[in-house]
Amino acid sequence: MKDKINASTMVALSAIALVFFLFMVGPARAADAKKKGKFTTEFRLEDCTFSSTGRNDYFSLNPGDKLILQDGNEMLEITVLNETHNVTFETPAGSRTVTTRIVEELETENGSVIERSRNFFARCQQTNDIFYFGETVDPPDIGGAWEAGVDGALPGLIMPARFLLGSRYFQEQAPGVALDRAEHTRMGLEIPDPKDAANPFTDCVQVEETTRLERGRSIKRYCPGVGLVFDDGFELIDYTIQ
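By convention here, each chain's residues receive numbers from 1 onward along its written sequence. Where local features are concerned, this predicted model is filtered to residues with pLDDT of at least 70; where side-chain atom pairs are given and counted, the filter is 80 or more; whole-chain, interface and lining totals use all residues. Side-chain measures were taken over the full set of non-hydrogen atoms in the model, leaving aside hydrogen atoms and water.

Chemist: Hey, could you go over the overall build of the protein for me, with residue numbers and the actual values?
Modeler: Helix numbers and strand numbers start at the N terminus; a helix is a DSSP run of H or I with at least 4 residues, a strand a run of E with at least 2. Counting its secondary structure elements, the protein contains one helix and 16 strands. Whether a residue is buried, partly exposed or exposed follows from its accessible area with a 1.4 Å probe, protein chains only, as a fraction of its type maximum: under 20%, in between, or over 50%, in that order. Relative to its full complement of 242 residues, the protein shows a buried share of 40%. Surface accessibility follows the Shrake-Rupley procedure with a 1.4 Å probe radius. Residue values consider only the protein chains on display as shielding. As displayed, the protein has an accessible area near 13,600 Å², and 52% of this comes from carbon and sulfur atoms.

Chemist: Hey, could you go over the pairing of strand β4 (residues 66-71) for me, with residue numbers and the actual values?
Modeler: Two strands form a pair only when DSSP identifies at least two bridges running between them. As defined by bridge partners, β4 adjoins strand β5 (residues 74-91) across six bridges and the pair is classed as antiparallel. By the bridge assignment for β5, D71 is matched with E74.

Chemist: Can you tell me about the environment of E74, naming the residues and giving the values?
Modeler: Residue placement: E74 occurs in strand β5. Judged by its relative accessible area of 23%, E74 falls in the partly exposed class. Expressed as a C-alpha distance, the spacing of E74 and F234, which sit 160 residues apart in the sequence, is 8.2 Å. Here a residue-residue contact requires only that any non-hydrogen atoms of the pair lie within 4.5 Å. Contacts of E74, omitting those with residues within four sequence positions, involve L69, E107, T108, E109, I114 and F234.

Chemist: Lay out the environment of C204 in plain terms, naming residues and giving numbers.
Modeler: Relative to the helices and strands, C204 is located in strand β13 (residues 196-211). Placed 19 residues apart in sequence, C204 and C223 show a C-alpha to C-alpha distance of 4.2 Å.

Chemist: Which residues make up the side chain of S52, and what values do they have?
Modeler: As for its position among the elements, S52 is in the loop between β1 (50-51) and β2 (55-56). Here S52 is in contact with L61, T84, T99, T100 and R101, once residues within four sequence places are set aside.

Chemist: Before we move on, can you summarise the nonpolar core with the specific residues and values?
Modeler: The definition of a nonpolar core used throughout is a set of buried Ala, Val, Leu, Ile, Met, Phe, Trp, Tyr and Cys residues joined through side-chain atoms within 4.5 Å. In terms of nonpolar packing, the biggest core is built from 53 residues, with F50 and F133 touching the most fellow members. When residues in this core are grouped by element, the largest group, six residues, is from β5. Look past the residues within four positions of F133 in its chain and what remains in contact with it is F50, V87, F89, V98, T100, F120, F121, A122, W146, E147, A148 and P155.

Chemist: Mind laying out the packing of aromatic side chains, listing which residues take part and the relevant values?
Modeler: The geometry of an aromatic ring pair is captured by the separation of the ring centres together with the interplanar angle, meaning the angle of the planes. Under the pairing criterion, centres of Phe, Tyr and Trp rings, with the six-membered ring standing for Trp, must be within 6.5 Å; the plane angle then separates stacked pairs below 30 degrees from edge-to-face pairs above 60, leaving the rest tilted. For the structure shown, the criterion picks out ten aromatic pairs. A ring pair is formed by F39 and F170, whose centres lie 6.1 Å apart and whose planes are at 70 degrees; its orientation type is edge-to-face. With F39 in the loop between α1 (2-35) and β1 and F170 in strand β11 (residues 168-170), this residue pair connects regions lying 131 residues apart in the sequence. Like F170, F39 is buried. Grouping aromatic residues by their ring pairs yields a cluster made of F43, F50, F89, F131 and F133. The cationic tip of R181 hangs over the ring face of F39; the distance from NZ or CZ to the ring centre is 4.6 Å. In this analysis the charged atom, NZ for Lys or CZ for Arg, is taken to sit over a ring once it is within 6 Å of the ring centre and within 35 degrees of the ring normal.

By themselves, these observations are geometric and do not establish any function.
Following this line, the structure appears as C-alpha cells:
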C-alpha cells in the first residue's frame, strides 16, 4: 500500500513540475515565435477566378468610388477608374493573364502635383481577397514602378477579406524596387465620419507597413464600407461610394 501511494505521489509531482515548466517557458516561446514571424509570400493565385470589380469590407474596385484625404496643404485623392490593365505572370500551374482594375492615387501640395500613380488590383472571387499586381509612377524618377511578371516581380496581397489580428503578408514583391509588407496590428477602432459627426465609423482596423528596402513604418487605417481613412497623417475628409 505504501509503495502504491509513493508511486501516485511521484506521478502527481511530475505532472505539477511539467505544468510549472510549460508555464515558465511558454511566454518565452511565444515571444520567440512572434520575433520569428514571417510574412506570407505565396497566395495560391492559380486557384482564383479574378474580377476587376467588386469590393470587400476595406477595399473597393468599383469604378467611381473616390476617397479624399488631407494632411495640411497636401491632398491625396484615390479614385477607382473606369480603366483596366492586363497583367501576365507565372504561377505554379503555368502562365496566366489577369485583367486588373486601375486605381489612381494623386498627391498634390497647394494644388501642384507631387506624384500620380496608377495601381493595378484584382479581386479573387473565391475568397474576396484583393491582390496587387503593380503600378506606374509619375514622375518616373520617384521610383517604385513595377509589374508582376516583369523582372521577377510577383503579385502581393493588398487587403484580405477577413481581417485577422497579427496577419503578415507581402503587398508588393518586386525585388530591389518594391517590397512593401503589411501587419495587422489593431481592430475595433472608432474613427470620425467627415460626413456625419454624430455617427463615427466603427470596427475600423489598423495596418502597419514596412519594407526591406528602407527603415521606418507606415500606419494606415481602414473602415468597413468606405476603405482607407488614415494614411500616415493624411485623414479622410470626403468620399464617394457607389
